[in-house]
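The chain contents come next:
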Amino acid sequence: MNKMKNAESMQLIDITAETMMIPSEKVAHVQVGNPLEHALLVLVKSGYSAVPVLDVSYKYKGTIGKTIILNSVLGLERFEMERLSNTKVHEVMNTQTPCLKKSDDILTCLKTVIDYPFVCVVDEEGYFDGILTRRTILKQLNNYFHLNKNQLYQVE
């Protein structure tokens with residue numbers, strides 16, 4: 001079920017991360033203890049460039065992407081592919097990514113995803129709720145502006 005509400009039926013400021021996010025059950029992810037080999041397989045199979053990293057209790061810990069993985073196996077003269085099975089995700093993952101709460105408004109969401117293709121949504125205790133993609137926010141804004149273009153062009 002798509003939780004994105006119709007832009008015509010609500011004010012722009014009423015749109016929240018929760019109404020736009022992809023729920024956790026539908027999001028590819030890896031766990032902190034997985035080897036990089038598993039993470040790379042998830043990334044390649046899913047077609048994503050990065051995915052969330054969760055601990056065993058499904059708390060958000062960071063993200064892992066193809067670039068991070070490839071950099072971690074890059075030796076002086078070759079890719080040292082044996083590192084894929086010997087290195088764990090938590091050793092190289094990115095922990096410096098921002099998060100959103102379900103209640104964050106669209107302007108907070110937009111500001112947060114400017115530099116990221118997606119941002120994770122977590123609850124107060126850090127449990128992973130889902131992701132919000134830059135694409136989804138742009139689609140929501142596009143719909144809103146197209147539906148309200150007459151008001152945008154009115155001069156008072």
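These numbers were taken from a predicted model, which means no experiment stands behind them.

As for the packing of helix α2 (residues 36-46) against helix α3 (residues 66-73)
Item 1. Where α2 contacts α3, the two axes come as close as 10 Å, and the packing angle between them is 145°. Regarding α2 and α3, the two cross each other, and that crossing is left-handed. Seen from α2, the contacting residues are Leu-36, Ala-39, Leu-40, Leu-43 and Val-44; seen from α3, they are Lys-66, Ile-69 and Ser-72.

Remarks on the pairing of strand β6 (residues 118-122)
Item 1. The buried count for β6 comes to five of five residues, which makes it a mostly enclosed element.
Item 2. Alternating residues of β6 divide into Phe-118, Cys-120 and Val-122 and Val-119 and Val-121, and every residue in both groups is buried.
Item 3. Sheet topology places β6 next to strand β7 (residues 128-133); five bridges connect them, and they run antiparallel. Paired with Val-121 across the bridge in β7 is Gly-130.
Item 4. The antiparallel hairpin formed by β6 and β7 contains five residues in its connecting segment, where Gly-126 sits at a positive phi of about 90°.

Section: the UniProt feature "domain: CBS" (unreviewed entry) in the chain
Item 1. In this structure's numbering, the residues bearing the UniProt feature "domain: CBS" (unreviewed entry) are residues 21-81.
Item 2. Counting secondary structure, residues 21-81 comes out at 31% helix and 25% strand; the distance between its end C-alpha atoms is 35 Å.

Some points on a nonpolar patch on the surface
Item 1. A surface patch of nonpolar side chains, amounting to about 360 Å² of accessible area, comprises Leu-70, Leu-74, Phe-79 and Met-81.
Item 2. As for its position among the elements, Phe-79 is in the loop between α3 and α4 (83-86).
Item 3. Note on Phe-79: relative accessible area 42%, which makes it partly exposed.

A closer look at helix α7 (residues 134-147)
Item 1. Counted at 1.5 Å a residue, the expected span for α7 with its 14 residues is 20 Å, and the 20 Å between its end C-alpha atoms agrees.
Item 2. Every buried residue of α7 is accounted for by Thr-136, Ile-137, Gln-140, Leu-141 and Tyr-144. For α7, the angular spread of buried residues about the axis comes to 130°, placing them on one side.
Item 3. For α7, the elements touching its buried residues are α1 (17-20), α6 (106-113) and β7.

Some words on the sheet that holds strand β5 (residues 99-100)
Item 1. Across the sheet, which stays open at both edges, the four strands sit in the order β1-β7-β6-β5 with mixed pairing between neighbours. Strands with a single pairing partner mark the edges of an open sheet, and in this sheet they are β1 (22-23) and β5.
Item 2. Pairing between β1 and β7: two bridges, direction antiparallel. Among the inter-strand pairings, Ile-22 is bridged to a residue of β7, identified as Ile-131.

Analysis parameters
- Residues numbered from 1 in each chain as written.
- Predicted model: local features only at pLDDT ≥ 70, side-chain atom pairs only at ≥ 80, totals over all residues.
- Heavy atoms only, no water.
- Axes fitted to C-alpha atoms, helices over the stretch in contact; angles between N-to-C directions.
- Helix = DSSP H or I, 4+ residues; strand = E, 2+ residues; numbered from the N terminus.
- Left-handed = near helix turned anticlockwise from the far one by under 90°.
- Contact = heavy atoms within 4.5 Å.
- Buried < 20%, exposed > 50% of the residue type's maximum accessible area, 1.4 Å probe, protein only.
- Pairing = 2+ DSSP bridges.
- UniProt positions renumbered as here; feature names shortened; annotations may be inferred.
- Patch = residues over 30% accessible without salt bridge, like charges linked within 9 Å, V, L, I, M, F, W, Y side chains within 5 Å.
- Areas by Shrake-Rupley, 256 points an atom, 1.4 Å probe, with all protein chains shown as cover.
- Salt bridge = Lys/Arg side-chain N within 4 Å of Asp/Glu carboxyl O.
- Expected span 1.5 Å × (residues − 1).
- Arc of directions from axis to C-beta.

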